[in-house]
Amino acid sequence: MTASASRAQLETSRPRRAGALFRLGLPTLMLWFDLSVAAPAPAHVEVVEVAPAVVAMTAVASEAEDVDEEVQSLRERLTEREDENRLDDPISIPLRGRPLIIGGEYEVGFDFIDELVLGEPEEHHDRLLLEQELEAELFYTLGQRLSWFAQLRLGSAHDLHRNTPESVANGYIERGEMWLYSERIGGSGFSVEAGRLDFEDDRLWWWDEDLDALRVAYEYDEVEVTLAAARELAPRSSDAHYIEPDDHQVLRYILEASWDWHEQHALELFALHQRDHSGAGHLGQTVRSERADESDADLTWLGARASGAWQSSDHGVFGYWLDFARVRGDETVIDFEEESPTHSVVADIRRQRVRGQAWDVGATWVLPLRAEPRVSLGYAWGSGDRDPDDALDRSFHQTGLHGNEVAFGGVERFDHYGGLLDPELSNLSIVTFVVGTSLFQSSSLDLVYNRYRLESLAESLRDARIELELNGSHRALGEAFDLIFAIEEGRRLQFLLTASAFRPGRAFAYGRGDWIWGGYVAARVAF
């Protein structure tokens, strides 16, 4: 548990906590509630003699209850995730005097995109994807000295439109988190965990991924430092009998440090050093298309974050964030040409230095009104490369582990840079404006606006959810709207509905000004 976990994080509010103030990590504002419901002292106390056997039985029951509370507390602290939903009273099986906790979640969703390729008139195809996933997990602990956790997912994805190119129709088994964890070893501030670990920063701007890794953490007062070494040891799912090309033989060293320098305010440092030992191959080499690795990079990222919140009974809650990162290193870029429907051939290999930087800054204001209306404004910028033909790439590269998902005070995370485009923050400037409100006890409605502009002229983006064909002569990429409606009134059943629209700008040779649409609807049931 990081030292920064208790501070206010407007952009990453925890679901299922009633009211924005709880979601902002400000439980002390509810002190009045504790005082108002405090029971008066009894006027009369009756002394009753209790038999020794009853006392012994009561002591045993109390001890078992204490064990259950300890296990539940550890489970919540060690396995709490923004995208996971766990019950307060899960299935529990006694095992050697301690409970083995069994839980899980089933999710079904429909994902719709109006157009998969933008900028080419002959490539107009839409997609309606049915996705299902059943997740099961086990948790067992001997206390602080050792805990064990394992997840397994059964999933499927099927295109419901038969004319969708490269249609998806598959089922898979995926390994989730699987680890051993020991904290405060020998009474010190050191903790160690090994296995398949979850890497997740507060805003998912740096990483949001499960990796095979060893991680050591040290915590002292309001400071925590973690250092991890990660390398994928096996395929993550059964639908691919190989490690993904982006992760194959890639060794990563990950450093995080956080300091809660003041109540509800924190500073964080991030570092990632990546060495890719997979090799670039040689000209004319033939590989299977799904295993084509377009980049072999040795890169180092360094960055920092400042975040926090102020609260006032008259003016509401004001939160802020500021992220900065720079990347340095060397990259070998490999271009492939299609040789057959299943194989590609190495057509070109070029080497370049990488020197990029990026930042993301913004603020959220929650008004002191009954419905907790909120307004957020953000600006993100990632450097671009003005001369793609030289041996120096000045465009920013995100870590490849990033998620770029935030909540802005709502109960559900969503894609910060737009649900349809969802681009990597590279060669882009993005203005974000959000208005939202709380609904019922733990639900929310948010409307998000994003405006995109290229930093340097380009014919494509480094990475985006949909494929783009740009004209290379304009920088106005377009604008987008997202509507997010999330219902999380109970821990067992949750519902999510998003509707998205994107209007291409002058950077597109075709389709400029024509809106494209998308949406996602999902239901989750925890057990």
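Residues numbered from 1 in each chain as written. Predicted model: local features only at pLDDT ≥ 70, side-chain atom pairs only at ≥ 80, totals over all residues. Heavy atoms only, no water.

Remarks on the overall build of the protein chain
Condition: Runs of H or I in DSSP of at least four residues are treated as helices and runs of E of at least two as strands, each being numbered from the N terminus. Under the scheme applied here, a residue whose accessible area is under 20% of the maximum for its type counts as buried, over 50% as exposed, and between as partly exposed, the area being computed with a 1.4 Å probe on protein chains only. Any two residues whose heavy atoms approach within 4.5 Å are treated as being in contact. Using a 1.4 Å probe, accessible areas were evaluated by the Shrake-Rupley method; residue-level cover was limited to the displayed protein chains.
Counting its regular elements, the protein chain contains three helices and 25 strands. Relative to its 527 residues, the protein chain shows a buried fraction of 48%. In the protein chain, the share of contacts with a sequence separation of at least 24, taken over all contacts with a separation of at least 6, comes to 64%. Summed over all atoms, the accessible surface of the protein chain reaches about 26300 Å², with 57% contributed by carbon and sulfur.

Structural notes on the pairing of strand E7 (residues 190–200)
The following threshold applies: Pairing between strands is defined by DSSP: at least two bridges between the two strands are required.
Strand direction decides the pairing type here: strand E6 (residues 169–182) and E7, joined by five bridges, are antiparallel. Bridge pairing links Leu 180 to Ala 194 in E7. Here E7 pairs with strand E8 (residues 208–220) via eleven bridges, running antiparallel. If you follow Val 192 over to E8, its bridge partner there is Val 216.

Some details on the confidence of the model for the protein chain
Threshold: Per residue, pLDDT captures the predictor's confidence, and it can take any value from 0 to 100.
Looking at the protein chain, the pLDDT average stands at 87 and 86% of residues meet or exceed 70. In the model, residues 11–61 has pLDDT below 50 throughout and makes 70 contacts with residues more than four positions away in sequence or in other chains.

Let's talk about the side chain of Gln 72
Quick note on the threshold: Polar contacts here mean pairs of N or O atoms no more than 3.5 Å apart (in protein, one a potential hydrogen donor and the other a potential acceptor; neighbouring residues in sequence count only if both atoms are side-chain atoms).
Topologically, Gln 72 is positioned in helix H3 (residues 52–79). The class of Gln 72 is buried, set by a relative accessible area of 14%. Within the structure, the side chain of Gln 72 is placed 3.5 Å from the backbone oxygen of Asp 88, a separation counted as a polar contact. Once residues lying within four places of it in the same chain are set aside, the contact partners of Gln 72 are Leu 87, Asp 88, Pro 90 and Ile 101.

Considerations on the environment of Ala 347
Examined against the element boundaries, Ala 347 turns out to sit in strand E15 (residues 343–366). In the structure, Ala 347 is positioned 64 residues away from Leu 283 in sequence and 5.9 Å away in space, judged by C-alpha atoms. Discounting residues that sit within four places of it in the chain, Ala 347 has contacts with Leu 283, Asp 335, Phe 336 and Glu 337.

Here we look at the side chain of Ser 376
Following the sequence through the fold, Ser 376 ends up in strand E16 (residues 374–382). You can call Ser 376 buried: its relative accessible area is 2%. A polar atom in the side chain of Ser 376 sits 2.6 Å from the side chain of Thr 364. Setting aside chain neighbours within four positions, we find Ser 376 in contact with Ala 363, Thr 364, Phe 408, Thr 432, Phe 433 and Val 434.

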